[in-house]
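Residue strings, one per chain:
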Amino acid sequence: MSEKKIIISPSILSADFANLERDIKLVEKCGADWIHVDVMDGHFVPNITIGVPVVKSLKKITKLPLDVHLMIENPDKYVEPFAKSGADILTFHYEAVKDCDVSALIRKIKSFGVKSGISIKPKTKPDVLMPYLDEVDMVLVMTVEPGFGGQKFMQDCAQKIEFIKNNSSENLIIQVDGGINAQTGKICVDYGANSLVAGSYIYGAPDVNKAIESLRL
Ligand code: DX5
Ligand code: ZN
């Protein structure tokens, strides 16, 4: 069991998009630490979700940090609008970076006073992150193929957390996303994760308070 507090970031991908304010207030009241916002462009992943205007509106209705997960091509192009719309953490995918340098992208995110995160998909080895572990604030390990909520947790991917933990400083936030529930969340925390994203587990729960609490055990 980790001594540090686990940052719980409910994914609003599983919320009711017609009632986002209600559903965000619900997890806020139940002790969520951050709000995870999944941005998908239909290119980097085969699904389209939400963009800058929605983030801007969400900023007005919650004090919780907006943890924005960019599953988009050319993340470099969208850092400024998302930062200015109120994102507190901006996480891009290592695999999506083509025309710019990863370190430059990290610096760009930080230049707006936003925390920077880098994420890897299930098939990407954690070694590729080595040059950036001292530069980013957070690493997001995907434990499903990004694109959809409600998929099955891939345990092999969770093992990457251990490698990242062993090669980074204490301050790095190690977040995991995909198929997280009380059991799989515990596996990840035991490997060294200190932030859990959960969508369907939290929003599909009969008792949201209990679901969030169960992720802290
Ligand atoms: C998937 C997204 C996740 C998604 C997780 O591509 O990045 O944040 O909402 O959903 P669950 O927790 O249902 O696997
Ligand atoms: Zn996500």
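What counts as what
Residues numbered from 1 in each chain as written. Chains lettered and ligands numbered in written order. Predicted model: local features only at pLDDT ≥ 70, side-chain atom pairs only at ≥ 80, totals over all residues. Heavy atoms only, no water. Buried < 20%, exposed > 50% of the residue type's maximum accessible area, 1.4 Å probe, protein only. Helix = DSSP H or I, 4+ residues; strand = E, 2+ residues; numbered from the N terminus. Pairing = 2+ DSSP bridges. Right-handed = clockwise from strand over helix to strand, strands pointing away. Near = heavy atom within 4 Å. Polar contact = N/O pair within 3.5 Å; in protein donor to acceptor, adjacent residues only side chain to side chain. Areas by Shrake-Rupley, 256 points an atom, 1.4 Å probe, with all protein chains shown as cover.

**Student:** Break down the pairing of strand β4 (residues 89-93) for me, with residues and values.
**Tutor:** Within a regular strand, side chains alternate between the sheet's two faces. The buried fraction of β4 amounts to five of the five residues, a majority that puts the element mostly inside the structure. Where burial is concerned, the two faces of β4 agree: the one with Ile89, Thr91 and His93 and the one with Leu90 and Phe92 are both buried. Two strands pair when backbone bridges link them, and strand β3 (residues 66-71) and β4 are joined in this way by three bridges, in the parallel orientation. Across the sheet, Val68 pairs through a bridge with Leu90, a residue of β4. With helix α3 (residues 75-85) bridging β3 and its parallel neighbour β4, the resulting β-α-β unit is right-handed. Bridge count between β4 and strand β5 (residues 115-120): five bridges; the pairing is parallel.

**Student:** Just give me the short version of the site of ligand 1, but keep the residues and values in it.
**Tutor:** Around ligand 1, a shell composed of 20 residues is seen, among which Ser11, Gly147, Gly150, Gly199 and Ser200 lie nearest. A distance of 3.4 Å separates an oxygen atom of ligand 1 from a polar side-chain atom of His36. In the environment of ligand 1, an oxygen atom lies 2.5 Å from a nitrogen or oxygen atom belonging to the side chain of Ser200. Contact with the protein chains hides 100% of the accessible area of ligand 1, taken as 380 Å² for the molecule alone. Looking at the shell around ligand 1, the elements that each hand over two or more residues are β2 (35-40), β3 and β8 (195-198). At three residues, β2 tops the list of elements feeding residues into the shell around ligand 1.

Interpretation note: all reported values are geometric properties and have no functional meaning in isolation.
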